[in-house]
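Structure assessment
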Amino acid sequence: MLPFIRSDLAKLTAYKAHPSSNTAEPVAIEFDRLDTNESPYDLPSDIKEKLGWNFQQIIESNRYPDGGHQILKEAIATYVNESANLSSSTFTDANISVGNGSDELIRSLLIATCLKGEGSILVANPTFSMYGILAQTLGIPVVSVGRNEDNFEIDLKAAQTAIAETQNPPIRVVFVVHPNSPTANNLTTAEIAWLKSLPEEILVVIDEAYFEFSQTTLVGELAQHSNWIVLRTFSKAFRLAAMRVGYCIAHPDAIAILEKVRLPYNLPSFSLTSAIFALENRQVLLSSIAETLSERQKIITELSTHPALAITTSDTNFIYLRLKANGSQLTDTILQNLNQTLRNQGTLVRLLPGALRITVGTPQENARTLERIQNALKQAK
Ligand SMILES: *Cc1c(COP(=O)(O)O)cnc(C)c1O
């Protein structure tokens with residue numbers, strides 16, 4: 001260990017992204033990449049061409065990007081209002097902050113709330129791992145509670161106890177995903193009621209990374225809850241994972257704090273332009289969602305017929321797959337083998353404790369996935 005490094009960082013493991021290849025191609029494109037919940041579709045070529053033209057003719061590479069994000073924020077506010085059927089004046093640019101992916105916003109929120117020993121965070125596992133990872137890199141304690149094994153509802157009793165009993169530092173932020181990753185379920189009425197009951201000194205972060213697939217949002221509640229923040233991203237339904245653009249919607253006072261915390265030029269010009277183009281072309285870009293939803297249904301229907309598999313419903317663009325005999329060491333071995341067999345045949349999925357998370361891809365990819373899973377399970381017998 002390097003002697004100048006904080007001792008607690010030695011124990012952390014880095015987030016493992018896509019496997020890189022040694023070629024100029026940044027990722028191994030020979031795989032069906034169904035492990036990170038991206039859209040299977042690149043931008044349509046005419047939009048890419050316009051972006052290319054913009055890069056050649058408009059963007060000055062020698063100049064710093066627009067650090068105020070004004071045009072993008074206004075376009076986002078319009079989209080958010082429209083997406084929740086709210087009046088066009090509900091949210092404005094003053095309610096929006098833009099990050100280098102929502103990951104940056106998560107880190108900024110942690111810096112703004114919990115640093116200097118002022119707060120811990122609460123998460124309900126399994127959930128998006130970045131909340132815990134980013135908190136740990138900042139030395140912020142992470143308190144975890146579980147979920148119901150069948151419907152994945154947060155153990156609200158345990159959560160309430162954790163909030164009552166966690167001291168030095170107390171819980172300052174509760175992170176929830178709506179719908180959750182990896183379990184693919186929306187927040188329930190009871191969970192939402194609990195979030196509403198939390199006191200003002202606890203920030204509630206509602207991550208709606210998969211909103212475009214679920215079409216359920218809590219942005220309409222923000223006006224009544226000044227301690228709530230909604231996170232969204234361009235990395236999933238908007239097909240812009242490569243550009244790293246996320247945003248949050250919140251009370252203007254909270255936005256003002258986030259603007260203080262972020263780096264002045266956190267978004268490259270090309271990313272800003274891409275996000276603005278994506279919103280201008282949202283009807284075209286989001287039109288692929290219908291296919292994703294019908295493919296999702298097809299996968300769920302087919303896999304549900306298998307006697308060994310436990311498939312739950314999904315409000316997202318991925319599927320959470322478990323085995324019926326859940327929880328034993330044997331199931332973990334079977335899942336590890338299944339994951340490896342799929343990988344050997346060219347399908348990348350996400351292996352989790354007791355489960356696989358599989359992104360809905362193109363119809364061709366999904367057909368291959370189904371066939372490979374069914375064959376692998378036949379051989380496992
Ligand atoms: C994919 C995902 C994000 C997106 O992160 P970016 O940094 O914007 O790419 C955020 N939250 C959850 C729960 C996700 O699954």
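Naming follows an unreviewed UniProt entry, where the protein appears as Histidinol-phosphate aminotransferase of Okeanomitos corallinicola TIOX110. According to its UniProt record, the protein has this under Cofactor (unreviewed entry): "pyridoxal 5'-phosphate". Quoted verbatim from the Sequence similarities (unreviewed entry) heading of the UniProt record, the comment on the protein is "Belongs to the class-II pyridoxal-phosphate-dependent aminotransferase family. Histidinol-phosphate aminotransferase subfamily."

1. Examining the domain arrangement of the protein
Partitioning the protein into domains gives domain 1 (64-280) and domain 2 (287-380). At the interface, 18 residues of domain 1 touch 16 residues of domain 2. Regarding the contact of domain 1 and domain 2, the summed buried area is about 1,300 Å², with carbon and sulfur atoms giving 57% of it. The largest per-residue losses of area from domain 1 upon contact with domain 2 belong to P182, A184 and F213, which jointly make up 43% of the total buried on that side. At the junction of domain 1 with domain 2, the criterion picks out 1 salt bridge. Counting every contact that joins domain 1 to domain 2 gives 6 residue pairs in polar contact (both at pLDDT 80 or more). By residue class, the composition of the side of domain 1 that touches domain 2 is 8 nonpolar, 6 polar and 4 charged.

2. A word on the side chain of R357
As for its placement among the helices and strands, R357 is situated in strand β13 (residues 355-359). Contact partners of R357, with chain neighbours within four places excluded, come to L34, D35, T36, N37, S181, P182, F318, I319, V349, R350 and L352.

3. Focus: the sheet that holds strand β9 (residues 309-311)
Pairing is antiparallel across the open sheet formed by 4 strands, whose spatial order is β9-β10-β13-β12. Each edge of the open sheet carries a strand with a single partner, namely β9 and β12 (350-352). Strand-to-strand twist in this sheet, taken as the mean axis angle between neighbours without regard to direction, amounts to 30 degrees. Relative to β13, β12 is paired through 3 bridges, and the arrangement is antiparallel. Across the sheet, residue L352 finds its bridge partner in β13, namely A355.

4. Quick word on the site of the ligand
G101, S102, D103, F128, V177, D207, A209, Y210, T233, S235, K236 and R244 make up every residue found near the ligand. Between S102 and the ligand, the recorded distance is 2.7 Å, taken from a backbone N or O atom to an oxygen atom. R244 places a polar side-chain atom, nitrogen or oxygen, 2.7 Å from an oxygen atom of the ligand. Protein contacts shield 93% of the accessible area of the ligand, which totals 380 Å² for the unbound molecule. Counting residues per element, the shell around the ligand draws most heavily on helix α3 (residues 101-113), at 3 residues. Here the shell around the ligand is built from residues that sort into 4 nonpolar, 4 polar and 4 charged.

5. What to know about the sheet that holds strand β3 (residues 120-124)
Strand order in this open sheet of 7 strands is β2-β8-β7-β6-β5-β3-β4, and the pairing throughout is mixed. The sheet is open, and its two borders are formed by β2 (96-100) and β4 (142-145), each paired with just one other strand. On average, adjacent strands in this sheet sit at an angle of 25 degrees to one another, irrespective of strand direction. In the sheet, β3 pairs with strand β5 (residues 171-177) via 3 bridges, with the strands oriented parallel. Bridge assignment links I121 to a residue of β5, and that residue is V173. Relative to β4, helix α5 (residues 156-165) is tilted by about 155 degrees, and along the sheet it contacts β3, β4 and β5.

6. As for the environment of L222
By the element assignment, L222 lies in the loop between α7 (211-214) and β7 (228-233). Using a relative accessible area of 8% as the deciding quantity, one classes L222 as buried. If sequence neighbours within four positions are ignored, L222 has contacts with F91, W228, I229, V230, I249 and A250.

7. Notes on unusual backbone geometry
At the junction of N125 and P126, the peptide bond is cis and its omega measures out at 0 degrees in the coordinates. Along the chain, P126 turns up in the loop between β3 and α4 (130-137). The step from H178 to P179 runs through a cis peptide bond, and the omega angle for that step is 0 degrees. By the secondary structure assignment, P179 is in the loop between β5 and α6 (189-197). Positive phi is not limited to glycine here, since R239 has a value of about 65 degrees. Residue position: R239 is located in the loop between β7 and β8 (245-249).

8. Things to note about the pairing of β7
For β7, a buried count of 6 out of 6 residues is recorded, marking the element as mostly surrounded by other parts of the structure. Note: strand β6 (residues 203-207) against β7, 4 bridges, orientation parallel. The residue of β7 that forms the bridge with I206 is V230.

Rules used in this analysis
- Residues numbered from 1 in each chain as written.
- Predicted model: local features only at pLDDT ≥ 70, side-chain atom pairs only at ≥ 80, totals over all residues.
- Heavy atoms only, no water.
- UniProt positions renumbered as here; feature names shortened; annotations may be inferred.
- Domains from an automatic or database assignment.
- Contact = heavy atoms within 4.5 Å.
- Buried area = accessible area lost by both parts, 1.4 Å probe.
- Salt bridge = Lys/Arg side-chain N within 4 Å of Asp/Glu carboxyl O.
- Polar contact = N/O pair within 3.5 Å; in protein donor to acceptor, adjacent residues only side chain to side chain.
- Nonpolar A, V, L, I, M, F, W, Y, C, P; charged D, E, K, R; others polar.
- Helix = DSSP H or I, 4+ residues; strand = E, 2+ residues; numbered from the N terminus.
- Pairing = 2+ DSSP bridges.
- Axes fitted to C-alpha atoms, helices over the stretch in contact; angles between N-to-C directions.
- Near = heavy atom within 4 Å.
- Areas by Shrake-Rupley, 256 points an atom, 1.4 Å probe, with all protein chains shown as cover.
- Buried < 20%, exposed > 50% of the residue type's maximum accessible area, 1.4 Å probe, protein only.

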